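In case you want the letters, here they are:
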Amino acid sequence: MSAIHLNVRRLLRATACLGLLLPTLVHAVPSSDELVQICERALANGYNGKRAQMCTWYVTPCDCDVSQLGEIPRVCIPTNVQSRKLAQQVTELLKALPEYRQPDGARAAAQVLSVVYPCE
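Residues numbered from 1 in each chain as written. Predicted model: local features only at pLDDT ≥ 70, side-chain atom pairs only at ≥ 80, totals over all residues. Heavy atoms only, no water.

*Asks:* Just give me the short version of the overall build of the protein, but keep the residues and values in it.
*Replies:* The secondary structure content of the protein amounts to five helices and zero strands. N-terminal to C-terminal, the α/β element order of the protein is α-α-α-α-α. Across the 120 residues of the protein, 34% fall into the buried class. Put simply, of all contacts in the protein between residues at least 6 apart along the chain, 70% involve residues at least 24 apart. For the protein, the accessible surface area stands at approximately 7400 Å², while carbon and sulfur atoms represent 55% of it. (Helix = DSSP H or I, 4+ residues; strand = E, 2+ residues; numbered from the N terminus. Buried < 20%, exposed > 50% of the residue type's maximum accessible area, 1.4 Å probe, protein only. Contact = heavy atoms within 4.5 Å. Areas by Shrake-Rupley, 256 points an atom, 1.4 Å probe, with all protein chains shown as cover.)

*Asks:* Summarise the side chain of T91; cite the residues concerned and give the values.
*Replies:* Residue placement: T91 occurs in helix 4 (residues 83-96). Taking relative accessible area as the criterion, T91 reaches 6% and is therefore assigned buried. With sequence-adjacent residues up to four places away left out, T91 is seen in contact with V36, C39, E40 and L43.

*Asks:* Can you break down the pattern of salt bridges residue by residue, with the values?
*Replies:* Oppositely charged side chains are able to pair whenever their charged atoms sit close together. One pass over the structure, following the stated rule, counts two salt bridges. Notably, a salt bridge pairs R101 with D33, separated by 3.7 Å at the nearest N-O pair. Note that R101 is positioned in the loop between helix 4 and helix 5 (105-116) and D33 in helix 2 (residues 32-44), a separation of 68 residues in sequence. A residue is classified by how much of its surface remains accessible, and R101, at 37% relative accessible area, is partly exposed. (Salt bridge = Lys/Arg side-chain N within 4 Å of Asp/Glu carboxyl O.)

*Asks:* How would you sum up the environment of E92? Please name residues and give values.
*Replies:* As for its placement among the helices and strands, E92 is situated in helix 4. Remark: the alpha-carbon pair of E92 and V36, spanning 56 residues in sequence, is separated by 8.4 Å.

*Asks:* Give a detailed account of unusual backbone geometry, specifying residues and quantitative values.
*Replies:* One non-glycine residue, Y47, lies in the positive phi region at around 55°. Among the residues examined, Y47 registers a relative accessible area of 12% and is labelled buried.

This is the structure in structure tokens:
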């Protein structure tokens with residue numbers, strides 16, 4: 001991963017954590033099934049464009065999304081893992097494990113990724 005890509009990714013996470021990128025009142029979270037469709041289309045089209053950006057947003061959880069109650073599990077993704085790989089993993093796991101499917105796609109993605117990338 002290039003230094004520029006890593007810095008952009010960090011900036012997006014920081015902005016998201018500050019709530020500046022998407023206002024929470026307008027923000028509608030896709031279901032896990034919708035997230036799978038979005039990510040599959042992005043992957044099929046070379047993982048470029050708005051679908052890829054949207055998929056990346058939901059398959060790249062940050063600690064700011066972890067609630068005090070532990071509703072969203074912590075995920076510790078190594079810095080060298082690219083968004084495309086996360087999209088592939090989330091898509092495959094959500095399709096294979098129906099018990100992780102739910103109305104909140106971001107939570108579903110964090111749950112499956114917490115199994116692959118647990119925080120020690």
